[in-house]
Amino acid sequence: MTVATTTENWIDNFEGLGKLPAELKDELVAGSKIVEMPAGAQVFAPGQSADNLLLLLKGTVRVQQKSETGREVFLYRVHAGDSCVLTTACMLAFEDYAADGIAETDIRAVAIPRRTFDDLVARSPIFRSFVFKAYSRRLTDLFTLIDDIVFQRMDVRLAARLLELADDKGVVHATHQVLGNELGTAREVISRTLAEFQRRGWVELARGEVRLTGRSGLERLARASTAA
């Protein structure tokens with residue numbers, strides 16, 4: 001982890017913090033630091049204490065958990081402008097992490113130490129509201145994930161995830177195993193489903209990537225989740 005020196009006004013990157021009084025903004029900035037990590041870095045790990053609330057300025061962090069059999073299960077992503085619900089929960093409950101946080105890209109984040117976090121949560125209704133609103137939004141996302149895993153067909157979920165992960169050129173840079181981890185299923189299930197998508201002309205498969213060639217077909221299938 002690299003600590004960056006900067007004078008940027010990062011508070012405006014996070015909805016809600018701009019409402020803080022000037023003196024509390026100054027305290028928050030003075031009590032925090034900007035950190036940078038390269039893609040692939042371990043942001044946090046199971047058993048590690050949560051000592052800083054990270055507010056992401058740039059990049060994405062993937063949060064995942066390993067099952068008893070060693071399978072990685074994707075939980076959620078933290079994007080720029082977001083905080084991590086697991087970190088928030090651990091800091092509020094004084095618990096250690098129970099999942100991994102991995103930098104999917106180079107990341108830049110604000111690290112708010114526990115002392116500053118605890119002080120502002122206790123003193124500022126605005127900061128407290130910011131923390132719990134972000135926490136609530138992410139919990140809703142997690143319940144949606146559970147609902148998808150239990151009730152949604154795998155082909156519908158895979159179509160939606162491919163559309164979400166595709167870059168500007170319509171390419172998803174992920175192996176079948178990674179996509180299986182994303183959706184909480186076996187690699188073989190992903191391979192069979194992708195083979196069917198390819199038969200329909202919706203994707204082209206190559207080593208380590210999936211190219212979307214029939215986006216409209218994938219979009220129709222993904223919409224089946226909302227029409228059901």
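Residues numbered from 1 in each chain as written. Predicted model: local features only at pLDDT ≥ 70, side-chain atom pairs only at ≥ 80, totals over all residues. Heavy atoms only, no water.

- The chain appears in an unreviewed UniProt entry as cAMP receptor protein from Pseudooceanicola marinus.

1. Considering the packing of aromatic side chains
Here is step 1: This structure, assessed with the given rule, holds 5 aromatic pairs.
Here is step 2: When the centroid spacing of 4.0 Å and the interplanar angle of 5° are considered together, the rings of Phe44 and Tyr97 count as stacked. Here the residue Phe44 occupies a position in strand S3 (residues 42-44), and Tyr97 occupies one in the loop between helix H2 (85-93) and strand S7 (100-103), the gap between them amounting to 53 residues. Both residues of the pair, Phe44 and Tyr97, count as buried.
Here is step 3: Seen from their ring centres, Phe117 and Phe127 are 6.2 Å apart, and the 75° between their planes marks the pair as edge-to-face. (Phe/Tyr/Trp six-rings, centres within 6.5 Å; stacked < 30°, edge-to-face > 60°. Helix = DSSP H or I, 4+ residues; strand = E, 2+ residues; numbered from the N terminus. Buried < 20%, exposed > 50% of the residue type's maximum accessible area, 1.4 Å probe, protein only.)

2. Focus: the packing of helix H6 (residues 176-183) against helix H7 (residues 187-199)
Here is step 1: At their nearest, the axes of H6 and H7 sit 8 Å apart, and the two run at 110° to each other. Considering their axes alone, H6 and H7 lie roughly perpendicular with respect to each other. Here H6 contributes His176, Gln177, Leu179, Gly180 and Leu183 to the contact with H7, which in turn contributes Arg187, Ile190, Ser191 and Leu194.
Here is step 2: A per-class count over the contact of H6 with H7 returns 4 nonpolar, 4 polar and 1 charged. (Axes fitted to C-alpha atoms, helices over the stretch in contact; angles between N-to-C directions. Parallel < 35°, antiparallel > 145°, perpendicular 65-115°, else oblique. Contact = heavy atoms within 4.5 Å. Nonpolar A, V, L, I, M, F, W, Y, C, P; charged D, E, K, R; others polar.)

3. Regarding the side chain of Thr116
Here is step 1: Within the element layout of this structure, Thr116 appears in helix H3 (residues 114-123).
Here is step 2: Under the relative-accessibility criterion, Thr116 is labelled buried at 14%.
Here is step 3: Thr116 has contacts with Leu28 and Gly31, leaving out every residue within four places of it along the chain.

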